[in-house]
Amino acid sequence: MEQITKLKKIRVLVGSKNPVKVNAAKVAICQLFPDTDIECSGMHAPSGVPEQPMTDLETRKGAINRVKYCRDFSAVAQQSDGEAITELFIAMEGGVDNFEYGPATFAYTVVATQNQISVGRSAQLPISQSIYKSLIAGEELGDVMDNLFNTKNIKQQGGAIGLLTQGHATRESVYTQALILAMAPMLNPGLYLD
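Residues numbered from 1 in each chain as written. Predicted model: local features only at pLDDT ≥ 70, side-chain atom pairs only at ≥ 80, totals over all residues. Heavy atoms only, no water.

A.B. asks: Any chance you could explain the side chain of serine 118 here in plain terms?
C.D. replies: Along the chain, serine 118 falls in strand S5 (residues 117-121). For serine 118, a relative accessible area of 6% translates into the label buried. In terms of polar contacts, serine 118 uses its side chain to reach the backbone carbonyl oxygen of alanine 182, at 2.6 Å. Excluding its chain neighbours within four sequence positions, the residues that come into contact with serine 118 are Thr109, Val110, Val111, Ala182, Pro185 and Met186. (Helix = DSSP H or I, 4+ residues; strand = E, 2+ residues; numbered from the N terminus. Buried < 20%, exposed > 50% of the residue type's maximum accessible area, 1.4 Å probe, protein only. Polar contact = N/O pair within 3.5 Å; in protein donor to acceptor, adjacent residues only side chain to side chain. Contact = heavy atoms within 4.5 Å.)

A.B. asks: Sorry, what's going on with the packing of helix H3 (residues 129-136) against helix H4 (residues 141-149) here?
C.D. replies: For any two helices packed against each other, one specifies the crossing angle of their axes together with the interaxial distance. Their axes nearest at 9 Å, the elements H3 and H4 cross at an angle of 130°. Taken as axis vectors, H3 and H4 run oblique relative to one another. Between H3 and H4 lies a crossing of right-handed hand. Contacts between H3 and H4 involve Ile131, Ser134 and Leu135 from the first element and Leu141, Val144, Met145 and Leu148 from the second. When the residues that make up the contact of H3 with H4 are grouped by side-chain class, the tally is six nonpolar, one polar and no charged. (Axes fitted to C-alpha atoms, helices over the stretch in contact; angles between N-to-C directions. Parallel < 35°, antiparallel > 145°, perpendicular 65-115°, else oblique. Left-handed = near helix turned anticlockwise from the far one by under 90°. Nonpolar A, V, L, I, M, F, W, Y, C, P; charged D, E, K, R; others polar.)

A.B. asks: Please explain the layout of surface pockets as it appears in this structure.
C.D. replies: Where empty space is left can be seen by rolling a probe of water-molecule size over the atoms. Taken as a whole, the largest pocket spans an internal volume of roughly 660 Å³. Contributing elements (two or more residues each) for the lining of the largest pocket: strand S3 (88-99), strand S4 (102-112), H4, helix H5 (159-164) and helix H6 (171-182). Of the residues belonging to the lining of the largest pocket, the class tally is 14 nonpolar, twelve polar and eight charged. (1 Å grid on protein atoms, 1.4 Å probe; cavity = no way out; pocket = protein on both sides within 12 Å on 5 of 7 lines; lining within 4 Å. Points joined across faces, edges and corners; volume = space filled by probe spheres on them.)

A.B. asks: Even after reading the chapter, I still don't get the packing of helix H1 (residues 19-32) against H6, so can you show me in this structure?
C.D. replies: Two numbers describe how H1 lies on H6: the axes approach to 8 Å, and their chain directions differ by 45°. By the angle between their axes, H1 is oblique relative to H6. Between H1 and H6 the crossing geometry is right-handed. On H6, the residues touching Val20, Lys21, Asn23, Ala24, Ala25, Val27, Ala28, Gln31 and Leu32 of H1 are Arg171, Glu172, Tyr175, Thr176, Leu179 and Ile180. Residue composition of the contact of H1 with H6, grouped by class: nine nonpolar, three polar and three charged.

And the structure:
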């Protein structure tokens with residue numbers, strides 16, 4: 001993946017149309033490659049897991065499924081016109097789990113090229129037992145937060161993270177950091193050879 005640092009233009013395909021996820025991907029890649037033209041777009045990519053992933057494993061699987069879908073979509077597109085369309089594929093999946101110290105929400109981030117995949121995980125945010133019980137009952141975290149804080153579609157804004165940290169962190173800021181960390185193998189390909 002050494003060539004990525006020498007590219008004048010990087011095309012990024014994000015496995016979601018959620019503006020928070022697309023912007024987090026663009027911000028992360030722009031920070032890593034400030035002198036490169038970044039073209040970033042989102043597409044619907046199915047996660048293959050429930051709308052509200054309830055375990056660490058389910059959440060990771062959802063992110064991996066989304067990035068593989070993007071990569072497969074791009075491979076078909078490349079075959080149809082012969083032009084390389086995308087250099088990086090990115091997916092994020094937010095989920096929850098109940099750990100020995102209590103329930104928390106977090107996200108998995110996955111960055112891939114046609115030949116390489118890197119999985120990262122965000123910091124986690126403790127959530128209350130009452131919120132977790134609502135999730136077990138079948139609600140999505142964004143909807144629970146909208147009801148608790150009288151907001152509308154918070155998952156496409158600051159998310160539960162923004163609400164529970166009183167704006168000191170946001171869903172986008174946490175995704176951005178996790179994506180930058182997940183890029184380590186692409187930034188240092190010689191160190192990650194097996």
